[in-house]
Amino acid sequence: MLVLRSDAFSHGAAIPRRYTCDGENVSPPLEWSGLPKGAKSVALVMEDPDAPGPAAPKMTFVHWLLYNLPSEVSALPEAAADDTLPAGVRSGINDWRRTGYGGPCPPSGTHHYVIRLYALDSALPDLKHPTIEVLEQAMEEHVLGHTELMGTYKKEHG
């Protein structure tokens, strides 16, 4: 069974400040296990389905897109950045219109942040920093399995 976890927070728990715009805004450590047989690569997507606010969500805000993580890789360290990722890993464009991790930074209320991990039957072609829509379309016929880790965050106002 495909499992995604973090030493920084458990599923359904609050994401520590360090990984948000109120803190250092670095990615949390992630590790996974149980890739299905035949998996050749992994894709990772982090989204906030509560944007702009949980009372009246209107969009899903994309925080992080990675693809072509080799199937031999089973973790990403804290503060994973484009220039420190394993060879061959590609980044997509988040909703801040840049690559890399962008941590939780909700304008109001408590938001849910869903990190999805997809096991794929092949490496994808170089999609040249795709949007979520382009990445999902490229993955469409290649997903062998997926799992998710969800954390919450409420921005500090002060």
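The structure under discussion appears in the preceding block.
If you're wondering where the values come from, they're calculated on a predicted model, not measured in any experiment. (Residues numbered from 1 in each chain as written. Predicted model: local features only at pLDDT ≥ 70, side-chain atom pairs only at ≥ 80, totals over all residues. Heavy atoms only, no water.)

> Looking at this structure, I do not really get the sheet that holds strand β1 (residues 3-5). What am I missing?
Neighbouring strands of a sheet are bound in pairs by backbone hydrogen bonds; such pairs are parallel or else antiparallel. Overall, antiparallel pairing links the three strands, which are arranged β1-β2-β5 in an open sheet. If you trace the sheet from one side to the other, it starts and ends with β1 and β5 (75-76), each paired once. Note: β1 against strand β2 (residues 30-33), three bridges, orientation antiparallel. Paired with R5 across the two strands is E31, which belongs to β2. (Pairing = 2+ DSSP bridges. Helix = DSSP H or I, 4+ residues; strand = E, 2+ residues; numbered from the N terminus.)

> Where do I start with helix α1 (residues 132-139) in this structure?
Side chains three or four residues apart in an α-helix point the same way, a direct result of the helix having 3.6 residues per turn. Listing the buried residues of α1 in full gives I132, L135 and M139. The buried residues of α1 occupy an angular sector of 65 degrees when projected down its axis, which confines them to one face. Of the exposed residues in α1, those oriented more than 90 degrees away from the buried face are E133 and Q137. Next to the buried residues of α1 lie β3 (41-51), β4 (59-70), β7 (110-120) and β8 (143-154). (Buried < 20%, exposed > 50% of the residue type's maximum accessible area, 1.4 Å probe, protein only. Arc of directions from axis to C-beta. Contact = heavy atoms within 4.5 Å.)

> Would you take a moment to explain the packing of aromatic side chains for this structure?
To describe a pair of aromatic rings, one takes the distance between the centres and the angle between the planes. For the coordinates displayed, the defined rule picks out two aromatic pairs. Ring centres of F61 and W96 lie 4.8 Å apart, and the angle between their planes is 75 degrees; on these two criteria the pair is classed as edge-to-face. Taken together, the positions of F61 in strand β4 and W96 in the loop between β6 (90-91) and β7 put the pair 35 residues apart, joining distant regions of the chain. Exposure remark for W96: the relative accessible area of 35% places this residue in the partly exposed category. Where W64 meets Y101, the ring centres are 5.2 Å apart and the plane angle is 85 degrees; that geometry is what we call edge-to-face. Taken together, the residues span a long stretch of sequence, with W64 in strand β4 and Y101 in the loop between β6 and β7 at a distance of 37 residues. Of the residues examined, W64 reaches a relative accessible area of 2% and is grouped as buried. Judged by its relative accessible area of 9%, Y101 is buried. (Phe/Tyr/Trp six-rings, centres within 6.5 Å; stacked < 30°, edge-to-face > 60°.)

On their own, these measurements won't tell you what the molecule is for.
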